[in-house]
Amino acid sequence: MTGISAFARLRQNARRRAARRRLRNRRRRTAGPQTGGVPSSRLTLLLLSLPGLAAVAALLFTWLQVSQTSKELRIAEEGQITNRFNAAIGNLGSGTVDVRLGGIYALERIMNDSPRDQATVVSVLSAYVRRHAPLPTATPPPADISAALNVLVRRRPEHDEGLELDLSRTDLRRWKPAHPYQERAIHLRGAVLMGSDLSDAELGSADLAEASLHGANLNRANLAGAALTGVDFQDTRLRDTGFDSADLAGAFFCSTGGGCPDFTGTSFAGADLSRAFFTGADLRKAKFCSELFLAPVESTEEPTSTVTCATLRDANLIGANLSGVDLAGDADLSGAVLTDADLTKADLTGANLTGAELTGTKLAGATLKGARGLPTSLRQ
């Protein structure tokens, strides 16, 4: 019995081992075949990822190629611009005006094609103007100087990179920009024009705000509709200068010591002279109002007219002489400082004097019909 029991146990153990082997084999078949210890699912995922990785690698390689090509193109373009710039500079030194004109327009093309080089072109052309049109000269600017000026004033100022346009002490008499009446098309904002001769120049609607005009000659110049805010006109010649409808807010005409320009024939009709400084100025021969005739709508109608006057709101006119000046036509003098100003026999018909400082103001014989804001003590 003992031998039989031992044999039975051996058979039982053998069956258990066989069962365990079958269980292991079943589990292996369920998990799938193994290769080098890596489950089949991971290997499949790796194989599926290979095309994507190849695409990423190809994309990276293409990007590197494009970047390299772009860099090479940029270097080539810069080399071309350098060559064009050198050729244009060489043309500027020619003794033939046609060749010089070609050089000027070539520089303009470079400036338009490469905004980063605009400051350099502006420096070159402004130096060219200062060198070839210095004061004093006996003739007005020749064709090449006019061309260089036209290129300078039609540039895009936002690409100047803070560069100051220097046209000081140049002869710009009778200069007429290519498009003088296009609104703000003449870009001279902040330009240095100290001591320059701009007599008889046509600068209507020019942007000259904050320009330096100290000591410049503006006799008979047309600045109608120009932007001239904050400009210093000390020692500037302004005889017969036209400022009609110009923006002269905050302009400085007289020094604290009383030095003022000669305003004979100077026209400020319709101009904005708010906060302008006229202390001690002799304005008797200046013009502050004008009659504007309006064409009739129908041929049977009579032409109409309206009077346009300057705005002198908050202007400083301490001690200024305005005796006999025509300020009729609703001239705005509200808030103006007229302390000790001489307005003897001035025509202030319909003028607005609301809030004006009139301490010591001379109004003897002045026409005050319809004037507003005039203190009772000064009414006739």
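Residues numbered from 1 in each chain as written. Predicted model: local features only at pLDDT ≥ 70, side-chain atom pairs only at ≥ 80, totals over all residues. Heavy atoms only, no water.

### Points about the overall build of the chain
When helices and strands are tallied, the chain shows 5 helices and 2 strands. N-terminal to C-terminal, the α/β element order of the chain is α-α-α-α-α-β-β. Burial statistics for the chain: of 380 residues in total, 39% are counted as buried. Sequence separation of at least 24 residues holds for 38% of the intrachain contacts in the chain that already meet a minimum separation of 6. Put simply, the chain shows about 20900 Å² of open surface, and 53% of that area lies on carbon and sulfur atoms. (Helix = DSSP H or I, 4+ residues; strand = E, 2+ residues; numbered from the N terminus. Buried < 20%, exposed > 50% of the residue type's maximum accessible area, 1.4 Å probe, protein only. Contact = heavy atoms within 4.5 Å. Areas by Shrake-Rupley, 256 points an atom, 1.4 Å probe, with all protein chains shown as cover.)

### Here's the deal with the state of the cysteines
A complete count under the given rule lists 2 disulfides for this structure. Described in terms of the sequence order of its bonded cysteines, the disulfide pattern of the chain is 1-2, 3-4. (Disulfide = S-S within 2.5 Å.)

### Topic: the nonpolar core
Counting 89 residues, the largest nonpolar core has Leu228, Phe233, Leu248, Phe253, Phe268, Phe278 and Phe288 as its most contacted members. Every element with two or more residues in this core is listed here: helix 2 (40–92), helix 3 (97–113), helix 4 (118–132) and helix 5 (143–153). At 7 residues, helix 5 tops the list of elements feeding residues into this core. (Core = buried A, V, L, I, M, F, W, Y, C linked by side-chain atoms within 4.5 Å.)

### Examining helix 5
Burial within helix 5 is extensive, with 9 of its 11 residues counted as buried. All buried positions along helix 5 are accounted for by Asp144, Ile145, Ala147, Ala148, Leu149, Asn150, Val151, Leu152 and Val153. Of the surrounding secondary structure, the elements contacted by the buried residues of helix 5 are helix 3 and helix 4.

### Quick look at the environment of leucine 348
Note on placement: leucine 348 falls in the segment after strand 2 (304–309). Given the relative accessible area of 0%, leucine 348 is considered buried. C-alpha separation for the pair leucine 348 and leucine 333, spaced 15 residues apart in sequence, amounts to 9.7 Å. Among residues more than four places away in sequence, those in contact with leucine 348 are Leu327, Leu333, Leu343, Leu363, Thr367, Leu368, Lys369 and Ala371.

### Brief notes about the packing of aromatic side chains
Scanning the entire structure with this criterion turns up 11 aromatic pairs. Relative to phenylalanine 253, the ring of phenylalanine 233 has its centre 4.9 Å away and its plane inclined at 5°; by these criteria the two rings are stacked. Linking phenylalanine 233 in the loop between helix 5 and strand 1 (289–294) with phenylalanine 253 in the loop between helix 5 and strand 1, this pair joins segments that are 20 residues apart in sequence. Take phenylalanine 233 and phenylalanine 253: they sit in the same class, and that class is buried. Among the aromatic residues, ring-to-ring pairing joins Phe233, Phe243, Phe253, Phe263, Phe268, Phe278 and Phe288 into one connected group. (Phe/Tyr/Trp six-rings, centres within 6.5 Å; stacked < 30°, edge-to-face > 60°.)

### Some remarks on the packing of helix 3 against helix 5
As a packed pair, helix 3 and helix 5 sit with axes 9 Å apart at the nearest point and diverge in direction by 5°. Our classification of the angle between helix 3 and helix 5 gives roughly parallel. Counting all contacts with helix 3, which are made through Val97, Arg100, Leu101, Ile104, Tyr105, Glu108 and Met111, the residues of helix 5 involved are Ala143, Asp144, Ala147, Ala148 and Val151. (Axes fitted to C-alpha atoms, helices over the stretch in contact; angles between N-to-C directions. Parallel < 35°, antiparallel > 145°, perpendicular 65-115°, else oblique.)

### A word on the side chain of asparagine 316
Here asparagine 316 is to be found in the segment after strand 2. Of note is the side chain of asparagine 316, whose polar atom sits 3.0 Å from the side chain of threonine 279. Discounting chain neighbours no more than four positions away, the residues touching asparagine 316 are Ala276, Phe277, Phe278, Thr279 and Val337. (Polar contact = N/O pair within 3.5 Å; in protein donor to acceptor, adjacent residues only side chain to side chain.)

### Topic: a positive patch on the surface
The grouping of Arg11, Arg15, Arg16, Arg17, Arg20, Arg21, Arg22, Arg24 and Arg26 at the surface amounts to a positive patch. Examined against the element boundaries, arginine 20 turns out to sit in helix 1 (residues 2–31). (Patch = residues over 30% accessible without salt bridge, like charges linked within 9 Å, V, L, I, M, F, W, Y side chains within 5 Å. Salt bridge = Lys/Arg side-chain N within 4 Å of Asp/Glu carboxyl O. Lys, Arg positive; Asp, Glu negative; His and termini not counted. Charge placed at Lys NZ, Arg CZ, Asp CG, Glu CD.)

### Details of the confidence of the model for the chain
Within the chain, residue pLDDT values average 84, and 83% of them lie at 70 or more. Looking over the chain, one finds the lowest element-wise mean pLDDT in strand 1, namely 70, and the highest in helix 4, namely 94. (pLDDT = per-residue confidence, 0-100.)

### Regarding helix 3
Taking 1.5 Å as the rise per residue, helix 3 with 17 residues should run 24 Å; its terminal C-alpha atoms sit 24 Å apart, in good agreement. Restricting attention to buried positions, one finds in helix 3 the residues Arg100, Leu101, Gly103, Ile104, Leu107, Glu108, Ile110 and Met111. (Expected span 1.5 Å × (residues − 1).)

### A short note on unusual backbone geometry
For aspartate 240, which is not glycine, the phi dihedral falls at a positive 60°. Counting through the fold element by element, aspartate 240 comes out in the loop between helix 5 and strand 1. The partly exposed category is assigned to aspartate 240, whose relative accessible area is 44%.

### Comments concerning the pattern of salt bridges
One side chain can pair with another of opposite charge once the charged atoms of both are near each other. By the definition in use, this model includes 14 salt bridges. The shortest N-O distance in the salt bridge between arginine 84 and aspartate 113 comes to 3.0 Å. With arginine 84 in helix 2 and aspartate 113 in helix 3, this residue pair connects regions lying 29 residues apart in the sequence. Under the relative-accessibility criterion, arginine 84 is labelled partly exposed at 32%. Here the residues in one salt-bridge network are Arg84, Arg109 and Asp113, joined through shared partners.

### Topic: the side chain of asparagine 352
By the element assignment, asparagine 352 lies in the segment after strand 2. There is a polar contact of 2.7 Å between the side chain of asparagine 352 and the side chain of threonine 354.

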